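# A look at the structure
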Amino acid sequence: MHVLMMSLYAAIAAIVLATIDPKAETMRERLIHGLKIFGWFMGIGLVLSWILFPIPW
Amino acid sequence: MQSRDGLTDNVTPQYRERIIPQDLPTPFSAGRRALAVAAAWLIPGAGHLSLGRYGRGLMFFVLIVGAFALGLALQGRLYWPTVSDPPSMFHFDLISVLWTFAQIGGGLCYLVSYAFGWGTEPLPAATNEYGNTFMFLAGLLNYLIIYDAYDIAAGRKR
């Protein structure tokens, strides 16, 4: 459930951020930019979860 | 030939075209800009629709309204500034003000939910934190979308 929600959150944020980014002009650039944002969200989320998991609060 | 800003005279034509589009879009009137911003806040994506960006407008509508509705379905709650308890220097509880700011970016999503009482009575659900997060996401992303609509209306981007 948690990973599903995180993926959905990352996907929505990535689509909007890639679409409004003025540096990405073509559809291909937007797609690549969106995939990068999605990857960063997921990667940082997973790393943080591994770091925070042993902390008891 | 001198370039429009005088800063890119010594760069190659391909690079100049890349950083300064030769056919910049024409800015819309001040009234249309104000309308686009107001519409973009009230109905996510409506600002882009009013400027003729139909694809983007519909996509933003689906994403933002969908995220807000998903938040409500997951038992997220609507926030409103509450008075700080115990009293502090700032009259309101600061975190409730920030959450309200985030959610109210959703425009009519927030106002309609409030009018119908959806999310005003917090339910003891395991998913309510997910719900809150999606509602914050919807409102905050809509602020960026409003800014994007303004940029298009001002002729700063396509």
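Thresholds applied
Residues numbered from 1 in each chain as written. Chains lettered and ligands numbered in written order. Predicted model: local features only at pLDDT ≥ 70, side-chain atom pairs only at ≥ 80, totals over all residues. Heavy atoms only, no water. Salt bridge = Lys/Arg side-chain N within 4 Å of Asp/Glu carboxyl O. Helix = DSSP H or I, 4+ residues; strand = E, 2+ residues; numbered from the N terminus. Buried < 20%, exposed > 50% of the residue type's maximum accessible area, 1.4 Å probe, protein only. Polar contact = N/O pair within 3.5 Å; in protein donor to acceptor, adjacent residues only side chain to side chain. Contact = heavy atoms within 4.5 Å. Buried area = accessible area lost by both parts, 1.4 Å probe. Nonpolar A, V, L, I, M, F, W, Y, C, P; charged D, E, K, R; others polar. Arc of directions from axis to C-beta. Core = buried A, V, L, I, M, F, W, Y, C linked by side-chain atoms within 4.5 Å. Axes fitted to C-alpha atoms, helices over the stretch in contact; angles between N-to-C directions. Parallel < 35°, antiparallel > 145°, perpendicular 65-115°, else oblique. Left-handed = near helix turned anticlockwise from the far one by under 90°.

### A few points about the pattern of salt bridges
All names here are of chain B. Applying the stated rule across the entire model yields three salt bridges over all chains. For Asp-148, the salt bridge goes to Arg-56, with nearest N and O atoms at 3.2 Å. One end of the pair, Asp-148, is in helix α7 (residues 128–153); the other, Arg-56, is in helix α4 (residues 54–73), and 92 residues separate them in sequence. Residue Asp-148 is classed as buried on the basis of its relative accessible area of 2%.

### Comments concerning the side chain of Asp-148 of chain B
At a separation of 3.2 Å, a polar atom in the side chain of Asp-148 of chain B contacts the side chain of Arg-56 of chain B. Within the structure, Asp-148 of chain B has its side chain in polar contact with the side chain of Lys-157 of chain B (distance 2.4 Å). Setting aside its immediate chain neighbours within four residues, Asp-148 of chain B contacts Ile-20 of chain A together with His-48, Arg-56, Phe-60 and Lys-157 of chain B.

### Thoughts on the interface of chain B and chain A
With 18 residues of chain B in contact, the opposing surface of chain A contributes 18 residues. Roughly 1600 Å² is buried in total at the junction of chain B and chain A, and carbon and sulfur atoms are behind 77% of that figure. Run the count over chain B and chain A and you get zero salt bridges. For the interface between chain B and chain A, the tally reads three residue pairs in polar contact (both at pLDDT 80 or more). The element best represented in the side of chain B that touches chain A is α7 of chain B, accounting for eight residues. Its residues assigned to classes, the side of chain B that touches chain A comprises 12 nonpolar, two polar and four charged.

### Considerations on helix α6 (residues 108–116) of chain B
All names here are of chain B. Those residues of α6 not exposed but buried are Cys-109, Tyr-110 and Ser-113. Along the long axis of α6, the arc covered by the buried residues comes to 95 degrees, so they all point the same way. Buried residues in α6 make contact with α4 and α5 (94–104). Once α6 finishes, Gly-117 follows within two positions and takes phi at roughly 80 degrees, a positive value.

### Let's talk about the environment of His-91 of chain B
Residues and elements named next belong to chain B. Within the secondary structure, His-91 sits in the loop between α4 and α5. Along the primary structure His-91 and Pro-81 are separated by 10 residues, whereas in three dimensions their C-alpha atoms are 9.7 Å apart. Ignoring anything within four residues of it in the chain, the contact list for His-91 reads Val-83 and Ser-84.

### Quick word on the nonpolar core
Judged by nonpolar contacts, the single largest core of 21 residues is most densely connected at Ile-12 and Val-16 of chain A together with Phe-68, Phe-134, Leu-137 and Leu-141 of chain B. Counting residues per element, the ones that place at least two in this core are α1 (2–20) of chain A together with α4, α6 and α7 of chain B. When near neighbours in sequence (up to four residues on either side) are disregarded, Leu-141 of chain B contacts Ile-12, Ala-13, Val-16 and Leu-17 of chain A together with Ile-64 of chain B. Formed by seven residues, the second largest nonpolar core is a distinct cluster that contains Ala-40, Leu-51, Ala-149 and Ile-152 of chain B.

### Observations concerning the packing of helix α2 (residues 30–42) of chain B against α7 of chain B
Residues and elements named next belong to chain B. Contact geometry of α2 with α7 gives a least axis separation of 9 Å together with a crossing angle of 160 degrees. By the angle between their directions, the pair α2 and α7 is classed as roughly antiparallel. As for the relative orientation of α2 and α7, their crossing is right-handed in sense. Contact residues: Arg-33, Val-37, Ala-40 and Trp-41 in α2; Asn-142, Ile-146, Ala-149, Tyr-150 and Ala-153 in α7. Here the residues of the contact of α2 with α7 are counted per class, giving seven nonpolar, one polar and one charged.

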